[in-house]
Amino acid sequence: MTRENPTRRVVVTGIGAVTGLGHSVADTWAGIVAGKSGAGPITSFDASGYTTRIGAEVRHLEPEKYMDAKDAKRTDRVVHLAMAASRQAMEGIDLDRFDRDRIGVVIGSGIGGIATFEKQHAIMLSRGPDKVSPFFIPMMISDMTSGFVSIAFNLRGPNYTTVSACSSGGNAIADAFLLIQAGLADAVLTGGAEAAITPMSFAGFCSARAMSRRNETPEKASRPFDAERDGFVMGEGAGILFVEELEHARRRGANILGEIVGIGLTGDAFHMTSPAPNGEGAKRAMKMALDVARMPASGIDYINAHGTSTELNDASETAAIKEVFGDHARKLAVSSTKSMVGHLLGAAAAVELIFCLLALRDDVIPPTINQEHPDPACDLDYVPNAARKRRIDAALSNAFGFGGHNTSIIVRRYAGA
């Protein structure tokens, strides 16, 4: 796959994030650079009967700061998170200078309004079907992340939600890139949101034995690429990017944070939850992203890995990186910020691409914390335990989801026309 006529270049001109480390990009990034964990005991429900009782929650979010109080009551928490991040991403952008028919909204969410589903199901069982909220369906469906955001900002271009498990945010950003390149939009508000720290969701992941059980030391639980990793730590939050056609951004004097130059989208066609052997699908995604970007493997300085802290994922991703990058793999910095914000599922790829953009901006590589016990199968430079100052001109971000969905996205420093 190549871009024969990449005449419409795509840049990022706004970002917003809400994570377990803070309600803003600034607070989250400060925590990342400091190597701080956002994980702690679950507070949103009684998790005492669960094998895993920890997560990276977004605490004390007041949705009324980002949306009308009445709307907040009629929408799920996943929409609250999406709106909080979207308000940040749109800060300082004068939409009156845009044709709103040509601004799209594409926001991914792997699970959507599961909290609403659980609450309304309990009401139906205890009080009967006529007591279920008339807002149940619009509150529960995943597409309300993009639907409500488009309504809030009166954005009338392409509008939909991508659902591809942990690749949802990556697929959304890739689609935004393609929409702008195809001339179907001048700008797209894109990314991912997830609010899946709920009783039923936790029960399912606990039964699958996918999450860490280090309940006594939650800050040590997410340990990607470490030999003693025992599962992921679930996080929640949102990452939103305002992406724009380059000339459109230049005409309005926008602050350009970086350029999206490559996307890779592949399927494993292998297993519902396990990655393909040796990361075969991940390899093809990274190679495709490099091909679309017309970059050699040696042009990448940093990889924000999918790095979930699960045994199979971390080993297969390491193998894939080594095959794609060859000798350059030993020169790359590779880190997993999930060690600090947890795994945000459908929002992970978007939040992590924002971290790549901030790494470009500040020449700082985020660390992988809890790197204490080397794993012979994971033998790259994972930037252990402390952030590192280093010039970064191009970064690649990976996201791999249940069902065999793989996305790789490359951003590079914007250096002018």
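These numbers were taken from a predicted model, which means no experiment stands behind them.

Looking at the overall build of the protein chain
On a plain count of helices and strands, the protein chain comes out with 13 helices and 14 strands. Relative to the globule expectation of 22 Å for 417 residues, the C-alpha radius of gyration of the protein chain, 20 Å, shows essentially globular dimensions. Split into buried and exposed, the 417 residues of the protein chain put 61% on the buried side. Within the protein chain, contacts between residues at least 6 apart in sequence are counted, and of these 78% link residues at least 24 apart. Taken as a whole, the protein chain presents about 15,800 Å² of accessible surface, with 53% of it coming from carbon and sulfur. Side chains of the protein chain give 43 positive and 47 negative charges; the mean places of these two sets differ by 2 Å.

Some words on the packing of helix α3 (residues 77-89) against helix α6 (residues 144-153)
The geometry of α3 relative to α6 is characterised by a closest axis approach of 9 Å and an angle of 45° between their N-to-C directions. Here α3 is positioned oblique relative to α6, judged by the angle of their axes. Along this stretch, α3 crosses α6, giving a crossing that reads as right-handed. Within the contact between the two elements, α3 uses Val 78, Val 79, Ala 82, Met 83, Ser 86 and Arg 87 and α6 uses Met 144, Thr 145, Phe 148, Val 149, Ala 152 and Phe 153. Tallied by class, residues from the contact of α3 with α6 come to nine nonpolar, two polar and one charged.

Notes on the environment of Met 90
Mapped onto the secondary structure, Met 90 falls in the loop between α3 and β4 (103-108). Its relative accessible area of 6% is what places Met 90 among the buried residues. Measuring from C-alpha to C-alpha, the distance between Met 90 and Phe 153 comes to 9.2 Å, with 63 residues separating the pair along the chain. Contacts of Met 90, omitting those with residues within four sequence positions, involve Leu 95, Phe 153, Leu 189 and Phe 242.

Quick word on the sheet that holds β4
On the basis of which strands lie adjacent, the open sheet formed by 10 strands has the order β5-β4-β6-β7-β1-β8-β14-β13-β9-β10 and mixed pairing. Edge strands, defined here as strands with exactly one partner in the open sheet, are β5 (159-160) and β10 (333-335). In this structure, β4 lies alongside β5, joined through two bridges in parallel fashion. What sits directly across from Val 106, in β5, is Tyr 160. The strands touched by α6 are β4, β5 and β6 (187-194); relative to β4, the strand with the most contacts, the crossing angle is about 150°.

Thoughts on the nonpolar core
Counting 48 residues, the largest nonpolar core has Ile 15, Leu 241, Val 243, Ile 260, Tyr 302 and Val 411 as the members making the most contacts within it. Top element by residues in this core is helix α13 (residues 348-362). It accounts for 11 residues. When near neighbours in sequence (up to four residues on either side) are disregarded, Tyr 302 contacts Leu 332, Ala 333, Val 334, Ser 335, Cys 356, Ala 359, Ile 365, Pro 366, Ile 392, Ala 394, Ala 395 and Leu 396. Membership of the second largest hydrophobic core comes to 33 residues, among which are Leu 95, Ile 103, Phe 148 and Val 149.

A closer look at the packing of aromatic side chains
Applying the stated rule across the entire model yields nine aromatic pairs. Considering the side-chain rings of Tyr 50 and Phe 202, the 6.4 Å spacing of their centres and the 70° angle between planes classify their relative orientation as edge-to-face. Of this pair, Tyr 50 sits in the loop between β2 (40-41) and β3 (54-55) while Phe 202 sits in helix α8 (residues 199-207); the two residues are 152 residues apart in sequence, bridging distant segments of the chain. Of the two residues examined, Tyr 50 and Phe 202, each falls in the buried class. Site record: aromatic cluster; members linked through ring pairs are Phe 45, Tyr 50 and Phe 202.

Concerning the confidence of the model for the protein chain
With 98% of its residues at a pLDDT of 70 or more, the protein chain shows a mean pLDDT of 96. For residues 1-5, every residue scores under 50 in pLDDT, and the model assigns this stretch 11 contacts once sequence neighbours within four places are set aside.

Description of the pairing of strand β8 (residues 258-267)
With respect to burial, β8 is a largely interior element, eight of its 10 residues being buried. One ladder, built from three bridges, connects strand β1 (residues 10-18) with β8; its direction is antiparallel. When the sheet's bridge partners are listed, Val 10 is paired in β8 with Ile 260. Inspection of the sheet shows β8 paired to strand β14 (residues 405-412) by eight bridges, in the antiparallel sense.

Some remarks on the side chain of His 343
In this fold, His 343 is placed in the loop between α12 (338-341) and α13. The class for His 343 is buried, based on a relative accessible area of 3%. Those residues in contact with His 343, other than ones at most four positions away along the chain, are Cys 166, Phe 232, Val 233, Met 234, Gly 235, His 306, Thr 308, Lys 338 and Ala 348.

Focus on the pattern of salt bridges
Enumeration according to the criterion identifies 27 salt bridges in this entry. Arg 229 is paired through a salt bridge with Asp 314; the nearest N and O atoms lie 3.3 Å apart. Of this pair, Arg 229 sits in the loop between α8 and β7 (237-245) while Asp 314 sits in helix α11 (residues 311-325), and the two are 85 residues apart along the sequence. A residue is classified by how much of its surface remains accessible, and Arg 229, at 11% relative accessible area, is buried. Residue class for Asp 314 comes out buried when judged on its relative accessible area of 0%.

A short note on the side chain of Thr 52
Summarising the element assignment, Thr 52 is placed in the loop between β2 and β3. The buried category is assigned to Thr 52, whose relative accessible area is 2%. Within the structure, the side chain of Thr 52 is placed 2.8 Å from the backbone oxygen of Ser 212, a separation counted as a polar contact.

Conventions used here
- Residues numbered from 1 in each chain as written.
- Predicted model: local features only at pLDDT ≥ 70, side-chain atom pairs only at ≥ 80, totals over all residues.
- Heavy atoms only, no water.
- Helix = DSSP H or I, 4+ residues; strand = E, 2+ residues; numbered from the N terminus.
- Rg over C-alpha atoms; globule rule 2.2 N^0.38 Å.
- Buried < 20%, exposed > 50% of the residue type's maximum accessible area, 1.4 Å probe, protein only.
- Contact = heavy atoms within 4.5 Å.
- Areas by Shrake-Rupley, 256 points an atom, 1.4 Å probe, with all protein chains shown as cover.
- Lys, Arg positive; Asp, Glu negative; His and termini not counted.
- Charge placed at Lys NZ, Arg CZ, Asp CG, Glu CD.
- Axes fitted to C-alpha atoms, helices over the stretch in contact; angles between N-to-C directions.
- Parallel < 35°, antiparallel > 145°, perpendicular 65-115°, else oblique.
- Left-handed = near helix turned anticlockwise from the far one by under 90°.
- Nonpolar A, V, L, I, M, F, W, Y, C, P; charged D, E, K, R; others polar.
- Pairing = 2+ DSSP bridges.
- Core = buried A, V, L, I, M, F, W, Y, C linked by side-chain atoms within 4.5 Å.
- Phe/Tyr/Trp six-rings, centres within 6.5 Å; stacked < 30°, edge-to-face > 60°.
- pLDDT = per-residue confidence, 0-100.
- Salt bridge = Lys/Arg side-chain N within 4 Å of Asp/Glu carboxyl O.
- Polar contact = N/O pair within 3.5 Å; in protein donor to acceptor, adjacent residues only side chain to side chain.

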